[in-house]
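# An overview of the molecular structure
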Amino acid sequence: MRPFSLTCAVALAALAAAVPSRRSKMILHEKRAADPIEWAMSRKLEADAVLPMRFGLTQNNLHKIEEMLMSVSHPASPSYGKHFSPEDVVETFKPSDETIGAVTEWLVESGIAKERLRLTASKGWIEVNATTAEVEELIAAEYYVYTHPSGAQQIGCHSYSVPEHVREHIDLIQPTVHFLHRVPKRDNIQKRSLGQFGKLEAAIHGGPKTNGKKVTITPSLEHCDETITLDCLRALYSIDYTPQSTDKNTFGILELTPQAFLQSDLDMFFGNFSPSQVGTSPILVSIDGGVAQTTNQGFNFNGESDLDLEYAFGLTNPQPILLLQAGDLVEGASFNNWLDAVDGSFCTFEGGDDPTQDGIYPDPLPGGFKGPESCGIIKPPFVVSASYGSDEGGTTVAYAARQCAEYGKLGMLGTTVLYSSGDDGVAGNGGVCLNAQGQPSRRGTRFSPDFPATCPFITAVGATQVNPGSTVNDPEGACEQVIFSGGGFSNFFALPEYQATAVTSFLTNHPPPFTSAQFNNSGKVRAFPDISANGANYVVAVAGEFVLVFGTSCSAPVVGSMITLINDARLTAGKGPVGFINPALYSEQFADSFHDITTGGNQGCGTPGFTSTEGWDPVTGLGTPNFTTLLSHFLELP
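This part is about the overall build of the protein chain. When helices and strands are tallied, the protein chain shows 14 helices and 29 strands. Among the 638 residues that make up the protein chain, the fraction classed as buried is 62%. Pairs at least 24 apart in sequence give 80% of the contacts found in the protein chain among residues at least 6 apart. As presented, the protein chain carries roughly 22,700 Å² of accessible surface, and 52% of it is formed by carbon and sulfur atoms.

The relative placement of two aromatic rings is captured by the distance of their centres and the angle of their planes. Evaluated as defined, the whole model comprises 22 aromatic pairs. A centroid spacing of 6.4 Å and a plane angle of 65° characterise the contact between phenylalanine 492 and phenylalanine 493, whose relative ring orientation is edge-to-face. What makes phenylalanine 492 buried here is its relative accessible area of 4%. Aromatic pair tyrosine 498 and phenylalanine 580: ring centres 5.7 Å apart, planes at 75°, arrangement edge-to-face. Here phenylalanine 580 lies in the loop between helix H12 (552-572) and helix H13 (582-585) and tyrosine 498 lies in the loop between strand S23 (488-494) and helix H11 (500-509), a separation of 82 residues in the sequence. Residue phenylalanine 580 is classed as buried on the basis of its relative accessible area, which comes to 3%. Within the aromatic cluster, the residues linked to one another by ring pairs are Phe269, Phe270, Phe273, Tyr311, Phe313, Tyr538 and Phe546.

With that settled, consider the layout of surface pockets. Considered as a void within the structure, the second largest pocket measures approximately 500 Å³ in volume. Together, 25 residues line the second largest pocket, and Ala502, Tyr586, Ala591, Trp616 and Leu622 are the ones closest to its centre. Among the elements of the structure, H11, H13 and strand S28 (594-595) are those that each provide at least two residues to the lining of the second largest pocket. Among the elements that line the lining of the second largest pocket, the one with the most residues is H11, at 6 residues.

Here we come to the confidence of the model for the protein chain. Confidence in the prediction of the protein chain, expressed as mean pLDDT, is 84, and 82% of residues score 70 or more. Below pLDDT 50 for its whole length, residues 180-216 participates in 97 contacts with residues either more than four positions away or in separate chains. The low-confidence segment residues 345-373, where pLDDT is below 50, has 123 contacts with residues more than four positions distant or belonging to other chains.

Calculation notes
Residues numbered from 1 in each chain as written. Predicted model: local features only at pLDDT ≥ 70, side-chain atom pairs only at ≥ 80, totals over all residues. Heavy atoms only, no water. Helix = DSSP H or I, 4+ residues; strand = E, 2+ residues; numbered from the N terminus. Buried < 20%, exposed > 50% of the residue type's maximum accessible area, 1.4 Å probe, protein only. Contact = heavy atoms within 4.5 Å. Areas by Shrake-Rupley, 256 points an atom, 1.4 Å probe, with all protein chains shown as cover. Phe/Tyr/Trp six-rings, centres within 6.5 Å; stacked < 30°, edge-to-face > 60°. 1 Å grid on protein atoms, 1.4 Å probe; cavity = no way out; pocket = protein on both sides within 12 Å on 5 of 7 lines; lining within 4 Å. Points joined across faces, edges and corners; volume = space filled by probe spheres on them. pLDDT = per-residue confidence, 0-100.

In structure tokens, the structure reads:
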């Protein structure tokens, strides 16, 4: 697939000619190449069904995102750290009056009364409730109901078209081809038995399980190859800093309902590893009905949130943590819902939430959240860590680019956004790869990159391990226990300037033994991960038991904790947060801030995957942080 720059991805080119219209030639705007795995077309959608249509309006100045972001993020820039105001960002990217007028005129001329249209306050999208019959006529589409084996249903069309004269004014229309690709349940947070610590089970339906033993674990650096604890991480990455400006600093952890923490688990962990924090709880930020539910308990419901909070709290003590709990118990949520909460303009940016990929609120379903959509309810935290991900191949270019642009906007405001890079090596979630057409397929052999990890405006975090028989004083290797660090090359996003030297060096000096049939080897696309941290054998209290946890889900909050400590030091020195960190990490000034990882790989798609080597590589990125050095360099910046 041809790589797209962010600008090209947002301003989609026409794909082909479609059905002509008496008003204007219709142009195919978006097309879903194949229906997602396991979903079956059930029936035609009823003609009188009402659809909440959203017409995403083309934004101005999207070509300036990378330039503006680099101006406040690159250590060589004279404007480093002088982040933009929300007003600056909204004013820069809002759509033009010409765009609003052109789309409005098209809709009215097509028979939709002007009084039915609603233009949002930020002018980002036009919405209208219309019947299936009206919409199908308007955009030359056919809507169907799709059913999943679980019983879940959703609607969508295979393609849609717009008049040629309005194509340049519309980025995407929803709901259309953007199929349900919700973040999967965390069954794939890998785990195994802890031996004397008790039996590990994942209780999807039912209460917590324990062997009844009171287990006291004595922290030790002697067995970090078997059990990772807070002290192991401090030793591995030279973390020795106590926060001093917690009243000024902010650190957010994203969780998607029904994943939720148990206070008893936090206290169990703190009692063993950080006694002064017993009783400590996160500050709940309920997004679109988000609730830290306790009805469903067990690893698949508590594993992720318990892991994130236990280690984030432990490493940043006494920093308060914002729990960004997104989605109600009925509909859940996805990445765009938390973006809504930290930036009200995103609710309308490029067309707002996608009903087929994000939770749309208020939720009309029984038991759903009936309050208004959570737009701009909190100021963006200085750091946000997200241990979730989806497959780039499971979304459209327009949808991914729209979301990626928002991460860029958050970086301009001074927020560091970190995402885990995935746990299936070069494959997609569950080991699914892509076919020759770039579609997810269980028989595919083409590598399937992760999203949002491929977005050039976030920091993607891979996973390492203390190799068996090694100590914290020995070099780590890429994680090859239970999971494999996600990494590779985007099929959507162009190579960002800050990463060009590192990626070119890898492809030139360590060319992978694969062809363009297996990955995008053009040397012109975004590569990931950016950095890594340990992701194997974490001791986590879950549902009343200590269990071992594996994955990039472990490494993301650890890196997020280190950046939070760095922000604290800068705030104490009278400076601002670091914001988007990638340009600094890849700069020559920061070259000595990492432990290079040169062993291990990330197998998948029937191959050994990529191999860790000297310098940046698509397994562990630049390596793991040396916190002391990293802190020193960030303190040197204005």
